[in-house]
Amino acid sequence: MTPLDTPRPAETIAPSQQRWQTLLIRPEIMTFLLLVIGIFAGSLLSPFFLDVNYILKSFTLYSELAIVALILTMVIIAGEIDLSPAANMALSACLFAWAQASGIPMPVAIGIGLAAGLAMGALNAWMVISLQLPSIIVTIGTLTLYRGLAQVIAGDKSIRVPDWFIGVDKIMLAGVPLPVVMFVVLALVLAVVLGGTIFGRQIYQIGTNEVAARHAGIRSARIKFSLFLLIGVVAAIAGILTASRLGSVRYDLALGGELQMVLMAMLGGTYIFGGRGTILGTFLAAWLLVIVSTGMIVANVLPAVQLVVLGGLLIVAIIATNLIYSRTQR
Amino acid sequence: MTLLRSILLRREAGIAVMIVLFCLAVGAVKPQFLTFDQLRIILLLTPLIMIGAMGQMLVIVARHVDLSIGSMLGVSAMVSGMLYRYVEVMPWWAGIPISIAVGATLGLGNGLLITLFRLPAIIVTLGTLSLYRGLTFIISNAKQIDRQYIPSELKALSQTSPIMGIPWIIFIAFGVAILTYVFAMHTRVGRQVFALGSNPVAAPLRGIKVTQVTLLVFAISGALSGLAGILYASRWGFVNPSNTGSGFEFQVIAAVVIGGASINGGVGTVLGTVLGVLLLGCVAAALPLLGIPGTSQAAIYGAVILIALLIDRSVRRQGIVSLKRAGA
Amino acid sequence: MADALPLISARGIGKQFATVEVLRDVDLDLMPGEIHALLGENGAGKSTFAKILAGVHRPTRGSITLNGRPVEVTSPIAAQKLGITLIHQEPISFPDLSVAENLVLGKADDGWFSRMPWAKMTREAKALMDLLGVKIDVTRPMRGLSIADQQMVEIARALASDSRLIIMDEPTAPLTPREVETLFGIARRLRDEGRTIVFISHRLEEVRALCDRVTIFRDGNKIATDAIGNLSDADIIRLMIGRPFKEYMHKARAEIGTVALKAERLTVPGLFQDISFEVRKGEIVGLGGLVGAGRTDVARALFGVAPAQSGTLWVDGVAVSIKDPSEAIALGLAFVPEDRAVAGIFRSLSVEENITAAVPRQIAPAGFIRRAIERAMANDSVRRLSIRLASLRQPIGELSGGNQQKAILARWLLTDPSVLILDEPTRGIDIGVKAEFYDMIGELAASGRAILLISSELPELLALCDRVLVMSEGRLTADIPRAEATQESIMNAAVPRRVAFEGVAA
């Protein structure tokens with residue numbers, strides 16, 4: 001009746017996956033490789049691709065979406081999703097444009113736009129967090145609502161902004177367009193926040209296991225609420241930036257933008273179920289998307305085909321990300 | 001609990017009451033809203049959404065979402081449209097089976113991506129929403145199929161029929177609803193769809209072939225989108241690569257959610273979905289009468305989805321509470 | 001009877017999960033027309049063996065014969081076809097479908113589009129329910145049925161497919177005594193019909209009341225099989241544990257101080273009522289009771305996860321209101337939850353991050369994480385609790401269950417709590433590690449902390465606690481000092497006094 005004499009393997013040190021494997025097989029590496037391939041392929045299509053200025057200029061077309069995509073990454077890591085930011089951009093921009101076109105001084109008009117963005121974020125936050133409704137359906141509802149309200153305000157018309165306000169993308173800082181600078185700076189800041197602060201750490205924890213996070217004393221409701229508010233405000237800023245770039249505002253500003261934002265996040269290796277993802281990944285993915293989109297334009301690819309490519313890319317991105325994460329899954 | 005009370009506590013009764021109240025309210029301001037002619041207009045607004053909603057209801061019951069139905073509608077309509085235009089010998093009715101087949105294939109594509117790679121339906125269909133819409137452009141070379149190429153017999157389906165002058169298209173829509181009811185309530189696989197949504201973990205343990213049932217559900221959603229596509233051509237008389245089916249998914253999801261289907265799966269009735277569609281139809285018909293510009297439709301649909309979610313949540317909590325009190 | 005053919009014969013059954021051997025060379029015969037108990041501690045292998053019979057797992061070695069013919073039970077559905085059904089403790093069902101549908105689903109091999117025979121289904125379902133003597137409306141959805149009723153439905157399903165072997169895995173844990181009696185009545189009836197019931201449990205009184213024969217597992221081996229009448233409780237316990245019972249009764253005596261936590265008339269309607277108790281510094285207070293008695297709910301209320309609706313709480317003599325776990329932590333409370341996979345670990349995050357999860361202000365005083373501080377704290381914890389791992393940076397999911405639990409305990413120790421609530425802290429943990437935990441708990445008390453220990457393992461409560469509180473059906477039924485605490489006295493209080501438990505051994 002002696003207990004087993006054979007050792008119990010279950011209690012010995014669990015062998016961890018090879019260190020180098022976990023370091024290298026990461027979605028960000030995949031994104032980086034695709035980016036390099038993309039630049040290479042692009043340069044074959046046209047010599048412009050190796051011209052840094054050309055790339056930077058192309059990026060300005062997507063810079064607003066990219067900025068929002070950075071925040072969206074954090075929202076997805078926290079285990080939620082927000083499909084409404086593009087519609088938010090449109091509505092904030094429409095309110096801003098309408099306000100200043102009605103004679104309201106510019107700073108106040110901007111304030112109105114920002115407040116609108118905040119309110120939209122708050123509505124999402126309230127329904128998802130206070131009422132505990134699934135974020136996917138709520139933000140589908142709010143995206144329809146916000147886009148629709150933009151339509152109500154602007155109708156089919158374009159609202160112009162004053163000439164002095166146009167051309168934020170023409171302002172250069174050390175040869176780099178201002179929106180791109182904003183994107184890079186924001187990415188740096190958020191990378192530090194997400195990777196080095198307790199706020200960022202808790203976002204990962206909430207996304208990995210919200211119940212455990214609550215039990216550990218992490219205020220998950222508060223953190224998620226603030227993320228929804230943040231993306232609301234940033235979307236408004238992005239909307240106003242777009243107004244400056246385009247020179248006028250229509251209800252269909254950033255129409256379909258939600259797809260591109262989600263695409264940037266997914267291509268960057270953000271795990272749709274939460275708990276994993278990086279700012280670096282989304283940062284690289286934004287450039288990748290610009291390369292792909294610009295490449296298609298240069299290659300005279302039809303807009304329709306571009307849509308196909310983007311949709312296909314999204315699907316490929318999530319398949320690849322899922323596969324990578326499931327291999328490192330326990 | 002008396003029979004009357006148990007009927008009244010059901011979600012469908014609530015929607016019916018909302019429809020009646022809404023119509024009375026609008027009718028008070030604009031009496032012409034309460035005429036048979038108006039009923040005809042309302043019904044004519046709904047058949048496409050009705051058909052799409054049946055498919056989406058099954059998808060939502062199975063605990064998924066299909067955001068690509070509008071694009072699938074577009075592709076299938078365009079394929080038939082192109083065939084009508086360039087194939088001289090194409091019979092007027094051939095578009096119907098062709099569109100359904102195209103839709104089913106696209107839906108199957110969605111299903112394969114979801115089951116083979118274990119991906120969330122919402123993101124996959126967000127991708128195919130673009131992908132399929134792009135396909136529409138490619139097939140048609142970005143050009144619209146104009147009125148003269150759509151067979152008039154097809155268009156006639158939406159205009160009239162020997163039965164009280166009610167267009168065939170309305171019968172088709174209700175026919176689809178009845179078929180969906182039979183499928184959902186009286187076939188084994190239909191019940192398996194409900195079981196799958198109710199407890200996806202238990203389903204394989206109880207012998208349900210999860211992959212096959214999921215593929216079926218998405219194929220049905222696609223097929224019905226295809227039917228809606230050819231009927232779009234019938235109703236509007238043209239097919240346009242960017243407009244046809246655009247925004248369809250939101251109207252359909254709104255109707256299904258209002259109709260009481262639960263996002264968590266396992267719960268949903270055909271009657272509720274039909275009533276949801278009708279309610280949306282009444283709202284859509286009331287807007288021009290009340291002088292609200294068509295541009296607000298989207299906003300209203302969005303608001304409707306959100307309100308339906310709110311109602312859904314409070315009803316569920318109440319339902320549980322009343323079950324507890326009844327000693328269940 | 002002695003030369004009757006066994007229904008099921010298992011020979012040389014072995015099962016290995018990755019590198020862990022959980023079953024070793026098990027030989028067992030199950031006869032038709034008997035109720036056979038499988039006894040053993042957590043991890044002894046009884047559940048795994050039953051799951052192999054039921055097709056949930058495939059054996060790594062060994063063979064099974066059914067009625068003399070060798071069979072391979074490849075899946076739960078194959079098992080059902082062979083006439084073997086497993087009734088889970090928490091039955092799986094489709095909550096939105098009706099009872100009648102749940103009975104039928106997956107059974108028929110009819111084509112996809114064949115008609116659902118609603119009328120026939122309802123009739124047959126009702127007949128089955130009547131057979132079991134259970135009053136359940138078969139047309140209502142499964143959602144909202146009590147666990148006892150859900151079990152009845154599972155049994156009805158087993159009958160519907162004419163199962164000859166019905167395995168019940170710890171079925172009585174969530175049941176009231178009346179429901180237990182109903183279940184036993186049905187089990188006896190099924191046995192008299194010639195079926196075989198396998199009853200997995202750790203509750204000796206029930207086993208003695210119900211079963212004909214008993215098989216005892218320990219550490220993956222089958223130790224003994226015998227008629228229940230031939231074994232005394234002491235015999236059984238000795239066979240289960242493998243060493244004399246007394247060895248676990250070591251306890252460091254701590255100095256008991258002032259009241260650290262006081263609860264008065266805590267109530268959450270439907271879960272628990274009028275719970276009042278005190279825990280002093282240096283004291284280990286046990287909280288025993290059947291599963292479903294409401295103990296975890298009380299813990300969750302104390303910690304602010306699901307606060308009580310009425311009643312008051314005092315921490316260190318000060319009246320407080322705790323609405324959120326962060327408030328509880330600030331007051332010096334700590335809570336190690338029951339199910340670490342669900343409420344404890346961040347599976348894919350590193351061990352380090354898991355350990356420091358509850359002390360953000362210590363590792364990030366200005367908001368920025370100071371890695372060096374974090375590393376030092378984590379290393380210190382690993383050393384103190386002897387956590388075995390390859391690297392602090394490896395995902396915690398790679399650690400064994402015992403080491404994961406140690407990491408969670410480490411997390412809470414870092415908060416330097418004055419009150420520590422432990423909910424089934426040694427569940428699913430190897431015996432050797434359990435002893436380590438017992439030592440740690442004793443030391444924690446000795447250092448002046450107040451400990452509330454929720455446990456379903458009677459030996460654990462008896463070994464560690466200064467007092468044992470017992471809850472039953474949402475109420476506190478006993479407060480037993482160490483000197484008077486026995487398995488019987490705890491069990492008696494756990495089971496409502498109104499209903500005498502039939503056939504309890506003296």
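Predicted model only: the values in this text are computed from it and were never measured.

Asks: Would you take a moment to explain the overall build of chain C for this structure?
Replies: For chain C, the count of helices and strands is 18 helices and 20 strands. For chain C, the C-alpha radius of gyration of 24 Å lies close to 23 Å, the compact-globule estimate for 506 residues. Seen along its three principal axes, the alpha-carbon backbone of chain C occupies a region of about 70 × 55 × 45 Å. In chain C, the share of contacts with a sequence separation of at least 24, taken over all contacts with a separation of at least 6, comes to 68%.

Asks: I'm lost on the overall build of chain A in this one. Help?
Replies: If you tally the helices and strands in chain A, you get 13 helices and four strands. Whereas a compact globule of 330 residues would reach a radius of gyration of roughly 20 Å, chain A reaches 22 Å, a difference of no more than 12%. Counting only C-alpha atoms and orienting by the principal axes, one finds that chain A spans roughly 90 × 50 × 35 Å. When each of the 330 residues of chain A is scored for burial, the buried share is 55%. The long-range share in chain A, meaning contacts at least 24 apart out of those at least 6 apart in sequence, stands at 78%.

Asks: Any chance you could explain the interface of chain B and chain C here in plain terms?
Replies: Size of an interface: often given as the accessible area lost when the parts come together. Contacts between the two partners involve 18 residues from chain B and, on the opposite side, 18 residues from chain C. If you list the elements that add at least two residues to the side of chain B that touches chain C, you get helix H10 (188-198) and helix H11 (202-205) of chain B. When residues of the side of chain B that touches chain C are assigned to their parent elements, the largest contribution, six residues, is made by H10(B).

Asks: Explanation requested: the nonpolar core in the structure shown.
Replies: Burial of nonpolar side chains together is a common tendency in soluble globular proteins. Judged by nonpolar contacts, the single largest core of 370 residues is most densely connected at A:Val68, A:Ala90, A:Cys94, A:Leu263, C:Ile421 and C:Ile451. Sequence-distant contacts of C:Ile421, that is, excluding residues within four places in its chain, are made with C:Ala299, C:Leu302, C:Phe303, C:Leu333, C:Ala334, C:Phe335 and C:Leu452.

Asks: Even after reading the chapter, I still don't get the interface of chain A and chain B, so can you show me in this structure?
Replies: Between chain A and chain B, the residue contacts involve 34 residues of the former and 36 residues of the latter. Counting only elements with at least two residues in the side of chain A that touches chain B, the list comes to helix H6 (135-154), helix H11 (257-267) and helix H13 (303-327) of chain A. For the side of chain A that touches chain B, the element with the highest residue contribution is H6(A), accounting for 13 residues. Of the residues in the side of chain A that touches chain B, the class split is 24 nonpolar, nine polar and one charged.

Asks: Looking at this structure, I do not really get the sheet that holds strand S2 (residues 20-30) of chain C. What am I missing?
Replies: To summarise the sheet geometry, strands pair through backbone hydrogen bonds and adopt either a parallel or an antiparallel arrangement. Residue and element names in this part refer to chain C. Ordered by their spatial adjacency, four strands build an open sheet running S2-S1-S4-S5, and the pairing between neighbours is antiparallel. A strand with exactly one partner marks an edge of an open sheet, and here the two such strands are S2 and strand S5 (69-71). Averaged over all neighbouring strand pairs, the angle between strand axes comes to 30°, with direction disregarded. For strand S1 (residues 8-17) and strand S4 (residues 61-66), the ladder comprises five bridges, and the chain directions are antiparallel. When the bridges of S4 are listed, Ile8 appears paired with Leu66. With respect to the sheet, helix H1 (residues 46-53) is in contact with S1 and S2, its orientation differing from that of S1 by roughly 115°.

Asks: Would you explain unusual backbone geometry in this entry?
Replies: Positive phi is not limited to glycine here, since B:Asn141 has a value of about 55°. Mapped onto the fold, B:Asn141 is located in the loop between helix H7 (121-140) and helix H8 (152-156). Under the C-beta neighbour-count criterion, B:Asn141 is labelled exposed, with 10 such atoms within 10 Å. Not every positive phi belongs to a glycine, and C:Asp316 is a case in point at roughly 55°. With respect to the secondary-structure elements, C:Asp316 resides in the loop between strand S14 (310-315) and strand S15 (318-320).

Asks: Could you clarify how one ought to interpret helix H6 (residues 177-192) of chain C in this entry?
Replies: An α-helix turns once every 3.6 residues. As a result, residues three or four positions apart point the same way. Residue and element names in this part refer to chain C. Look at H6: 22 Å from first C-alpha to last across 16 residues, which is about the 22 Å you get at 1.5 Å a residue. Buried within H6 are the following residues: Pro177, Val180, Leu183, Phe184, Ile186, Ala187, Leu190 and Arg191. At its buried positions, H6 is contacted by strand S3 (34-39), helix H4 (118-132), helix H5 (147-160), strand S7 (165-169), strand S8 (196-200) and helix H7 (204-210). Looking one or two residues past H6, Gly194 carries a phi angle of roughly 100°, positive in sign.

Asks: Would you mind going over the pairing of strand S11 (residues 259-268) of chain C with me for this structure?
Replies: Regular strands place their side chains on alternate faces of the sheet. All names here are of chain C. Here S11 runs beside strand S12 (residues 272-280); their pairing, made up of six bridges, is antiparallel. Bridge assignment links Val268 to a residue of S12, and that residue is Phe272. In this sheet, S14 lies alongside S11 in antiparallel orientation, the contact comprising five bridges. Bridge pairing in S14 places Lys262 opposite Trp314.

Asks: I would appreciate a short explanation of the domain arrangement of chain C in the present structure.
Replies: Residue and element names in this part refer to chain C. In terms of domain boundaries, chain C breaks down into domain 1 (8-247), domain 2 (257-332 + 417-500) and domain 3 (342-416). If you look at the interface, domain 2 gives 10 residues, while domain 3 gives nine residues. Counting residues per element, the side of domain 2 that touches domain 3 draws most heavily on helix H16 (residues 431-446), at three residues. Looking at side-chain class alone, the side of domain 2 that touches domain 3 contains seven nonpolar, one polar and two charged residues.

Asks: Mind showing me how you'd approach H1(C) here?
Replies: All names here are of chain C. Within H1, seven of the eight residues are buried, which leaves the element mostly enclosed by the surrounding structure. Listing the buried residues of H1 in full gives Lys46, Ser47, Thr48, Phe49, Ala50, Ile52 and Leu53. Backbone geometry just downstream of H1 places Gly55 in the positive-phi region, at approximately 85°.

Asks: Please explain the sheet that holds strand S9 (residues 213-218) of chain C as it appears in this structure.
Replies: Residues and elements named next belong to chain C. Pairing is mixed in the open sheet, where six strands are placed in the order S6-S7-S8-S3-S9-S10. Bordering the open sheet on either side are strand S6 (84-87) and strand S10 (221-227), each of which pairs with just one other strand. Neighbour-to-neighbour, the strand axes of this sheet turn through a mean angle of 20°, independent of strand direction. Its contacts with the sheet place H5 against S6 and S7, and it is angled at close to 175° to S6.

Asks: Any chance you could explain the confidence of the model for chain A here in plain terms?
Replies: Predicted coordinates in regions of low pLDDT should not be interpreted in detail. Averaged over chain A, the pLDDT score is 86; the fraction of residues at 70 or greater is 91%. Scored below 50 in pLDDT, residues 1-15 of chain A shows 22 contacts in the model against residues more than four places distant or in partner chains.

Conventions used here
Residues numbered from 1 in each chain as written. Chains lettered and ligands numbered in written order. Predicted model: local features only at pLDDT ≥ 70, side-chain atom pairs only at ≥ 80, totals over all residues. Helix = DSSP H or I, 4+ residues; strand = E, 2+ residues; numbered from the N terminus. Rg over C-alpha atoms; globule rule 2.2 N^0.38 Å. Contact = placed C-beta atoms within 7 Å. Buried ≥ 20, exposed ≤ 12 C-beta atoms within 10 Å, placed from the backbone. Core = buried A, V, L, I, M, F, W, Y, C linked by C-beta atoms within 7 Å. Nonpolar A, V, L, I, M, F, W, Y, C, P; charged D, E, K, R; others polar. Pairing = 2+ DSSP bridges. Axes fitted to C-alpha atoms, helices over the stretch in contact; angles between N-to-C directions. Expected span 1.5 Å × (residues − 1). Domains from an automatic or database assignment. pLDDT = per-residue confidence, 0-100.

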